[in-house]
Amino acid sequence: MSTVTKVQKLAQVVEQRERWRAEGKTVALANGVFDLIHVGHVRYLEGAKELADCLVVAVNSDASTRAYKGPGRPHIPEGERAEMVAALACTDRVLVFDELNVRSIIRALKPDVHVKGTDYTPDSIPEADEVRAYGGRVAVAGDPKNHSTTELAQRLQSERRETK
């Protein structure tokens, strides 16, 4: 499947999820902004994929990113961020969402496992109650949170100032 066709609307992903379920496959859901993709993002998503047969990634829209991260973010538009995430071999489907959290996606998709990065613990995942309500599980994946888009952007700006 091509990168662009991996990026779909929620309704399309839910239909695919039903086909996967009929085939006996499990589904993991991961989410995030994925603004300036770095190795921490790759390790998180690869770790999420290891927990299920198929990986769906929900990418914050530009509006929800601004609400979550503040003005000046995102650096990269939502369509491009979604396409870059879809280009990773570990992703099976990608969708863009406007909400501040993924509760509505969890309700529609009912992933077998909802995966967050290592800045969470299984007990601190905000949507854990939503997942557990239908019998799903939550998990944490990736390496320690040693990578940050904010820090990367600041470093790039600093280097640019130094070269002027």
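Here, every reference points to the structure presented above.
Residues numbered from 1 in each chain as written. Predicted model: local features only at pLDDT ≥ 70, side-chain atom pairs only at ≥ 80, totals over all residues. Heavy atoms only, no water.

**Thoughts on the layout of surface pockets**
Right, so step 1: In this structure, the second largest pocket occupies an estimated 220 Å³ of space.
Right, so step 2: Put simply, the parts of the chain that give the lining of the second largest pocket at least two residues each are α2 (10–22), β3 (93–97) and α6 (103–109). (1 Å grid on protein atoms, 1.4 Å probe; cavity = no way out; pocket = protein on both sides within 12 Å on 5 of 7 lines; lining within 4 Å. Points joined across faces, edges and corners; volume = space filled by probe spheres on them. Helix = DSSP H or I, 4+ residues; strand = E, 2+ residues; numbered from the N terminus.)

**Points about the pattern of salt bridges**
Right, so step 1: For the coordinates displayed, the defined rule picks out eleven salt bridges.
Right, so step 2: Salt-bridge contacts for R17 lead to D112; the nearest nitrogen and oxygen are separated by 3.1 Å. Taken as a pair, R17 in helix α2 and D112 in the loop between α6 and β4 (113–116) lie far apart in primary sequence, 95 residues in all.
Right, so step 3: Looking at R17, the relative accessible area reads 1%, which means it is buried.
Right, so step 4: A salt bridge links D129 to R103, with the nearest nitrogen and oxygen atoms 3.0 Å apart. (Salt bridge = Lys/Arg side-chain N within 4 Å of Asp/Glu carboxyl O. Buried < 20%, exposed > 50% of the residue type's maximum accessible area, 1.4 Å probe, protein only.)

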